Amino acid sequence: KPKLLIDTDPGVDDALAILMAHAHADVVGLSVAAGNVGLAHTVRNACTLVDLVGAATPVFAGCPSPLVRMPEEDAAFVHGSDGFGDIGFPAPKAAAEDEAAALAILRLTREYPGQFTLVALAPLTNLALALRLDPSLPQRVARLVVMGGAVTGLGNTGKVPAEFNVGFDPEAAHVVFEAFPHFDLVDWEATLRYAFDEDTFDRWLAAGDARAEFFGKVFGTARTFNRSRGRRGVIAADALAMAVAIDPSIVTRSESRHVAVELDGRLTRGATVVDWAGRLQRPANANIVMELDADRFAAMVRRALGAP
Ligand code: BDR
Ligand code: CA
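Here the structure is a predicted model, which is why all the values come from computation and not from measurement.

Thresholds applied
- Residues numbered from 1 in each chain as written.
- Chains lettered and ligands numbered in written order.
- Predicted model: local features only at pLDDT ≥ 70, side-chain atom pairs only at ≥ 80, totals over all residues.
- Near = placed C-beta within 6 Å.
- Helix = DSSP H or I, 4+ residues; strand = E, 2+ residues; numbered from the N terminus.
- Nonpolar A, V, L, I, M, F, W, Y, C, P; charged D, E, K, R; others polar.
- UniProt positions renumbered as here; feature names shortened; annotations may be inferred.
- Buried ≥ 20, exposed ≤ 12 C-beta atoms within 10 Å, placed from the backbone.
- Contact = placed C-beta atoms within 7 Å.
- Pairing = 2+ DSSP bridges.
- Axes fitted to C-alpha atoms, helices over the stretch in contact; angles between N-to-C directions.
- Arc of directions from axis to C-beta.
- Parallel < 35°, antiparallel > 145°, perpendicular 65-115°, else oblique.
- Left-handed = near helix turned anticlockwise from the far one by under 90°.
- Right-handed = clockwise from strand over helix to strand, strands pointing away.
- Core = buried A, V, L, I, M, F, W, Y, C linked by C-beta atoms within 7 Å.

1. Topic: the site of ligand 1
- Among the 14 residues in the neighbourhood of ligand 1, the closest are listed as Gly 11, Asp 13, Ala 75, Phe 164 and Ala 237.
- Elements with a contribution of two residues or more to the shell around ligand 1: helix H1 (12–24), helix H6 (164–168) and helix H12 (237–246).
- Grouping the constituent residues of the shell around ligand 1 by class yields 6 nonpolar, 4 polar and 4 charged.

As structure tokens, then:
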């Protein structure tokens, strides 16, 4: 079983990814970022998930804001104002540890050097802070998988070409992309290519266990939002990145390129700039996931929901 340390801002699709991780991997910890909604909610939601899966996974609260500039938007309009569909879940029994997320990331990578995969499902604030404290962090991580970026410029933020995780804290993404010599990048456009058919997904929810019942509830606001955009289908960005983290052999085609983050730009702050033509003559840092085995991805999700 792979060992995973997950940086996350739950978040509907984060929830699905965390259920997958507990079903298929050994989860060393959840470090929590602000992003989809504020840190108090994302930490609470992480604790709710730990209760749900009945694990003793430690939760570490991270930085409550981006490194430099407050973003213009969060994603409450997709995930609900509490990040979990405004269901009003009871207060979780699990609680966050005292240790800050960035410090926990450094400590855990020292305790298990080279043994685990870092999975970044949120704005990269915590990872950037950890890297600034200890630039040797990448040497102690077996792999880094990032859900972020919009490599063809489609994006999903108010600013046309940016993806949410990178657009929320571009400086943090810049620090991480410059510091890690090699990471797997699951971008927004990949998540659109691998959305689930809604009727199929609903059948899994109906056939699953308490995890499916839970996910069916938190998914409500995101479903309504998708419909308001005339979309059907279950877009599960973080779940796709988690599939790549759990089993890299699921990827059938990827492109190795240098990816940078635009920090200024009149129209493009937070955009990921992919050097497709190799003009910058910089070594490729990102392995951009282009195609993967959709059936195996589906099977991983089904099992995480307790569906046959
Ligand atoms: C990413 O942003 C968040 O809203 C999702 O949880 C995912 O991590 C998609 O752009
Ligand atoms: Ca997320």
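Next comes the rest of the account.
2. Observations concerning the UniProt feature "domain: Inosine/uridine-preferring nucleoside hydrolase" (unreviewed entry) in the protein
- UniProt tags residues 4–298 as "domain: Inosine/uridine-preferring nucleoside hydrolase" (unreviewed entry).
- Structurally, residues 4–298 comprises 39% helix and 17% strand, and the distance from its first C-alpha atom to its last is 20 Å.

3. Focus: the environment of Gly 149
- By the element assignment, Gly 149 lies in the loop between strand S5 (143–147) and H6.
- Judged by C-beta crowding, with 29 C-beta atoms within 10 Å, Gly 149 ranks as buried.
- Sequence separation of Gly 149 and Thr 224 is 75 residues, and the distance between their C-alpha atoms is 24 Å.
- Here Gly 149 is in contact with Glu 163, Val 166, Leu 185, Asp 187, Trp 188, Val 259 and Thr 272, once residues within four sequence places are set aside.

4. So, the sheet that holds strand S3 (residues 59–61)
- Spatial strand order, S3-S2-S1-S4-S5-S6-S10-S7: 8 strands in an open sheet with mixed pairing. Lying at the two open borders of the sheet, with one neighbouring strand each, are S3 and strand S7 (251–257). Mean inter-strand twist for the sheet, computed between neighbouring axes without regard to direction, equals 25°.
- Pairing analysis gives 4 bridges linking strand S4 (residues 116–120) to S5, with the strands arranged parallel. In the strand pairing of S5, Ala 120 is matched with Val 146.
- Contacts from helix H2 (residues 39–53) reach strand S1 (3–8), strand S2 (26–32) and S3 within the one sheet, and its direction differs from that of S3 by about 180°.

5. A look at helix H10 (residues 210–218)
- Every buried residue of H10 is listed here: Arg 211, Ala 212, Phe 214, Phe 215 and Val 218. Each buried residue of H10 lies within a common arc of 160° when the element is viewed along its axis, so the set occupies one face.
- Against the buried residues of H10 lie H1, H2, helix H9 (198–207) and helix H13 (294–304).

6. Focus on H9
- Among the residues making up H9, those that are buried are Phe 201, Trp 204 and Leu 205. Seen along its axis, H9 keeps its buried residues to an arc of 100°; they face one direction. Those residues of H9 that are exposed and aimed more than 90 degrees away from the buried face are Asp 199 and Ala 206.
- Turning to H9, the residues buried within the fold contact H10 and H13.

7. Examining the packing of helix H4 (residues 101–111) against helix H5 (residues 125–133)
- Look at H4 against H5: their axes get within 8 Å of each other, and the N-to-C directions meet at 60°. Considering the angle they form, H4 stands oblique to H5. With respect to the hand of their crossing, H4 and H5 are arranged in right-handed fashion. Judged by residue contacts, Ala 101, Ala 102, Ile 105 and Leu 106 of H4 engage Asn 126, Leu 127, Leu 129, Ala 130 and Leu 133 from H5.
- Classifying every residue of the contact of H4 with H5 gives 8 nonpolar, 1 polar and no charged.

8. Points about the pairing of S4
- Counting buried residues in S4 gives 5 out of 5 residues, a clear majority hidden from the surface.
- Regarding topology, H5 serves as the crossover connection from S4 to the parallel S5, and that connection is right-handed.

9. With respect to the pairing of strand S6 (residues 183–186)
- Of the two faces of S6, the one carrying Phe 183 and Leu 185 and the one carrying Asp 184 and Val 186 are both buried.
- In terms of strand pairing, S5 meets S6 through 3 bridges, oriented parallel. Bridging from a neighbouring strand, Met 147 pairs with Val 186 of S6.
- Pairing of S6 with strand S10 (residues 286–292), which is carried by 3 bridges, proceeds in the parallel orientation. Each residue of the ladder has a partner; that of Phe 183, found in S10, is Ala 286.

10. Concerning the environment of Glu 213
- Considering the arrangement of structural elements, one finds Glu 213 in helix H10.
- For the pair Glu 213 and Leu 131, spaced 82 residues apart in sequence, the C-alpha separation works out to 38 Å.

11. Details of the nonpolar core
- The biggest cluster of nonpolar side chains holds 107 residues, and the ones touching the most others in it are Met 20, Ala 120, Leu 240 and Ala 241.
- When sequence neighbours within four positions are dropped, the list of residues in contact with Ala 241 reads Ala 17, Val 119, Leu 121, Val 145, Met 147 and Val 186.

12. Remarks on the packing of H1 against H13
- Between H1 and H13, the shortest axis-to-axis distance is 8 Å and the interhelical angle comes to 85°. Relative to H13, the element H1 lies roughly perpendicular. From H1, Leu 16, Leu 19, Met 20, Ala 23 and His 24 reach across to H13, where they touch Met 300, Val 301, Arg 303 and Ala 304.
- Its residues assigned to classes, the contact of H1 with H13 comprises 7 nonpolar, 1 polar and 1 charged.

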